[in-house]
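The chain contents come next:
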Amino acid sequence: MTAGPAPYTTRRALGDSDLAACFQVRKDVFVGEQRVPEEIEYDAHDADAVHVLALAADGSALGTGRLLHGPAVADRAGGDLTAGSLGRLAVTREARGLGAGTALVRAIEDEARTLGLAAVDLHAQTHALGFYERLGYVAYGPEFPDAGIAHRAMRRSL
């Protein structure tokens, strides 16, 4: 049996329409499903972050994530400017189980390598720890709340 083409592609978000698609996925998942207040979902880091998209063959957005780097990570990676910070990873309900989350993490890691970063940190919701562990991330530090949801810090060297 020959595998068909992947049901999606991933790429760096380019331009305003791509950013709008990223923000809509985040709104659907974090604000709509997880009840994160909209006013804290979007922040000043969005302007300088590298955003990635998972897109269906028809061009519709299936998922997104972002990579913070440089001074923006000072509070997220213990001041380590050689690490990027993966965040706002979200996959639409209809695309879950297709591997888009894994593909988005790998796309963000590729962007981090392009920027010359040595590691990627993230703040994982505790229910997602196993997902990130399977991708090579290691949890460190205590559990903490973010937007009322339990998280742990994690890191993967590139």
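Structural notes, computed from the coordinates. (Residues numbered from 1 in each chain as written. Predicted model: local features only at pLDDT ≥ 70, side-chain atom pairs only at ≥ 80, totals over all residues. Heavy atoms only, no water.)

### Things to note about the sheet that holds strand E2 (residues 50–56)
Phase 1 of the analysis: A sheet is described by the order of its strands in space; here seven strands give the open sequence E1-E2-E3-E4-E5-E7-E6, paired in mixed fashion. The open sheet is flanked by strand E1 (8–12) and strand E6 (138–146), the only strands paired with a single partner. Within the sheet, the average angular offset between the axes of one strand and its neighbour, ignoring direction, is 25 degrees.
Phase 2 of the analysis: As defined by bridge partners, strand E5 (residues 119–125) adjoins strand E7 (residues 149–157) across seven bridges and the pair is classed as antiparallel. Looking at the pairing, Asp121 lines up with Arg155 of E7.
Phase 3 of the analysis: Along the sheet face, helix H1 (residues 15–33) touches E1, E2, strand E3 (61–68), strand E4 (83–91) and E5 and points at about 80 degrees away from the line of E2. (Pairing = 2+ DSSP bridges. Helix = DSSP H or I, 4+ residues; strand = E, 2+ residues; numbered from the N terminus. Axes fitted to C-alpha atoms, helices over the stretch in contact; angles between N-to-C directions. Contact = heavy atoms within 4.5 Å.)

### A few points about the nonpolar core
Phase 1 of the analysis: Core analysis: the largest hydrophobic core is formed by 28 residues, its most contacted members being Leu86, Val105, Leu122, Tyr132, Tyr137 and Met154.
Phase 2 of the analysis: Ranked by residue count, the leading element in this core is helix H3 (residues 100–114), at seven residues.
Phase 3 of the analysis: Filtering out sequence-adjacent residues up to four positions away, Met154 remains in contact with Val120, Asp121, Leu122, Ala124, Leu129, Tyr132, Glu133, Tyr137, Val138, Ala139 and Tyr140.
Phase 4 of the analysis: Residues Val29, Val36, Ala90 and Ile149 belong to the second largest nonpolar core, which totals six residues. (Core = buried A, V, L, I, M, F, W, Y, C linked by side-chain atoms within 4.5 Å. Buried < 20%, exposed > 50% of the residue type's maximum accessible area, 1.4 Å probe, protein only.)

### Points about the packing of aromatic side chains
Phase 1 of the analysis: A complete count under the given rule lists three aromatic pairs for this structure.
Phase 2 of the analysis: Between Phe23 and Tyr42, the aromatic rings sit 5.5 Å apart at their centres with planes inclined by 75 degrees, giving edge-to-face as the arrangement. Here Phe23, found in helix H1, pairs with Tyr42, found in the loop between helix H2 (38–41) and E2; they are 19 residues apart in sequence, far enough to count as distant.
Phase 3 of the analysis: Under the relative-accessibility criterion, Tyr42 is labelled partly exposed at 24%.
Phase 4 of the analysis: Centre to centre, the rings of Phe131 and Tyr132 are 4.9 Å apart; their planes meet at 75 degrees, and the pair counts as edge-to-face.
Phase 5 of the analysis: By relative accessible area, which is 23% here, Phe131 ends up partly exposed.
Phase 6 of the analysis: Judged by relative accessible area, Tyr132 falls into the buried class, the value being 8%.
Phase 7 of the analysis: Put simply, the rings of Phe131, Tyr132 and Tyr137 pair up and form one aromatic cluster. (Phe/Tyr/Trp six-rings, centres within 6.5 Å; stacked < 30°, edge-to-face > 60°.)

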